[in-house]
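# Residue-level structural notes
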Amino acid sequence: MKFLNYLRSPQFAIYAVAAWMVSFLVITGSQAHNNVSYLILILPTLVSLRFQEVQDFFRNLLGQLLFLVIATLILAAILGDGSPLQQAKFGAIVLLLYLAVARLPLLNEDTVYKAAWAFLSLITVYVLVNMVMQYAHGTWVPGMRLGDLNAKLENVIYVTNTMGGMLAVITLLGMRAKKYRAVIAAHVLLLVALTILQTRSIIGVWALIMLLTYFNFYHQKSKRATLIIIGIALAVVIAITLLLIYTPIGASLLQRNFYRPEIWHGYIAETLRCGIWMGCGPEHAFQYISRDGNVMVHPHSVFVTQFYKAGLIGVIPLLALTILAITQGLRAGSWAGWYLAVGVLGLCFDGSSLVHSPSQRWLVFHLPLALLIAQQLRQTYADRTLKASA
């Protein structure tokens, strides 16, 4: 009983979530990482779960919408191509992640700020180590785009998006705490990442963060903060422009084909062929071949993926969940809302199924959304305690 109480404790939740995040940088192999995720996060939550926790989670509107997204995929598997039991299993794993994160204590902003810097620093070291290894193996030279990294967080686009999520948290909380030099250092770090990772999504992520920051502090009528934001923006725009014009990075970024509209058109056309309402099913066998012969194994957008797998019945709840969560997060001034907004921007242009075994996508969608729901649940608990003591 004492052991189960420890598994339910906020202290264990902090250790488990932190270890799970770091595992993306050290565990190689998809199955090995899945096993680690189950061992340190999913199974401890399952064996120590209480009915009250489940009840509280599903009283939250975002929790209800998440469950609806999962239910539509199960229904699509029943009516289309797929295994309902497998979809139910994946859905249960996703929900257990949310219930695990919901056990976190209400974190103060200074702790979150330090944690974001720690994880951003770890990712930076992870990228540099992979850069040295690829250089030593002759697969990378300065000026080239870095290849796939060697742990679970392997795709450079997801590395970019995760770094962007940490930058969003650092920017919001750093500006609030007037740690302007540290915020500038974080933006410089992302600019350096652009020269190594060479993903176009870095530019979009950075632009979104600057817009969020400007409007947040402009409405607060903080002249000094607004001037600093404008200064950072101008400096980064000039730096990126110079990189694009005077280095091979510009050619690397601008000359690569942008397949997304073509891929989306292909998968949407296949969805319409299957049926607009329920889509093709989670396990429908389809691969789009681009005009120049490249095989695209997934739609490169989580929203197009959901439409393809579960039709309008599936994509509408996902859109509602995403829009409501970001809106609630931004209105509340939540750092988790900023993290989620940046993650969703990246997943609009790259990503596949959100309801599956643990993947890189979890770091930029499920984790920030779970953190936002955890904040809301903690506030609900506090309000309930206040009413009881009144």
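Residues numbered from 1 in each chain as written. Predicted model: local features only at pLDDT ≥ 70, side-chain atom pairs only at ≥ 80, totals over all residues. Heavy atoms only, no water.

## Re the pattern of salt bridges
- The tally for this structure, following the rule as stated, stands at 8 salt bridges.
- With its nearest N and O atoms 2.6 Å apart, the salt bridge here joins E53 to R103. One end of the pair, E53, is in helix α4 (residues 51–59); the other, R103, is in the loop between α6 (84–101) and α7 (109–136), and 50 residues separate them in sequence. Judged on exposure class, the residue E53 and its partner R103 are both buried.
- In this structure, the salt-bridge partner of D110 is K114, at a minimum N-O distance of 3.2 Å. On the criterion of helical spacing, the pair formed by D110 and K114 is a turn pair, its members being 4 residues apart in helix α7.
- Among the residues examined, K114 registers a relative accessible area of 52% and is labelled exposed.
- What you see here is one network of salt bridges that share partners, running through R50, E53 and R103. (Salt bridge = Lys/Arg side-chain N within 4 Å of Asp/Glu carboxyl O. Helix = DSSP H or I, 4+ residues; strand = E, 2+ residues; numbered from the N terminus. Buried < 20%, exposed > 50% of the residue type's maximum accessible area, 1.4 Å probe, protein only.)

## Digging into the packing of helix α14 (residues 302–331) against helix α15 (residues 335–349)
- The contact between α14 and α15 brings their axes to 10 Å, and the two run at 155°. Classified by the angle between their axes, α14 and α15 sit roughly antiparallel to one another. Crossing handedness for the pair α14 and α15: left-handed. Note on element contacts: α15 touches α14 through G337, W338, L340, A341, V344, L347 and C348, opposite V302, F303, T322, A325, I326, G329 and L330. (Axes fitted to C-alpha atoms, helices over the stretch in contact; angles between N-to-C directions. Parallel < 35°, antiparallel > 145°, perpendicular 65-115°, else oblique. Left-handed = near helix turned anticlockwise from the far one by under 90°. Contact = heavy atoms within 4.5 Å.)

## Things to note about helix α13 (residues 260–274)
- With 15 residues, α13 should reach 21 Å at 1.5 Å per residue; the first-to-last C-alpha distance of 21 Å fits that figure.
- Listing the buried residues of α13 in full gives R260, E262, I263, W264, G266, Y267, E270 and T271.
- Taken together, the buried residues of α13 touch α8 (156–176), β1 (288–289), β2 (295–296), α14 and α15.
- Two residues or fewer after α13 comes G275, characterised by a positive phi angle close to 140°. (Expected span 1.5 Å × (residues − 1).)

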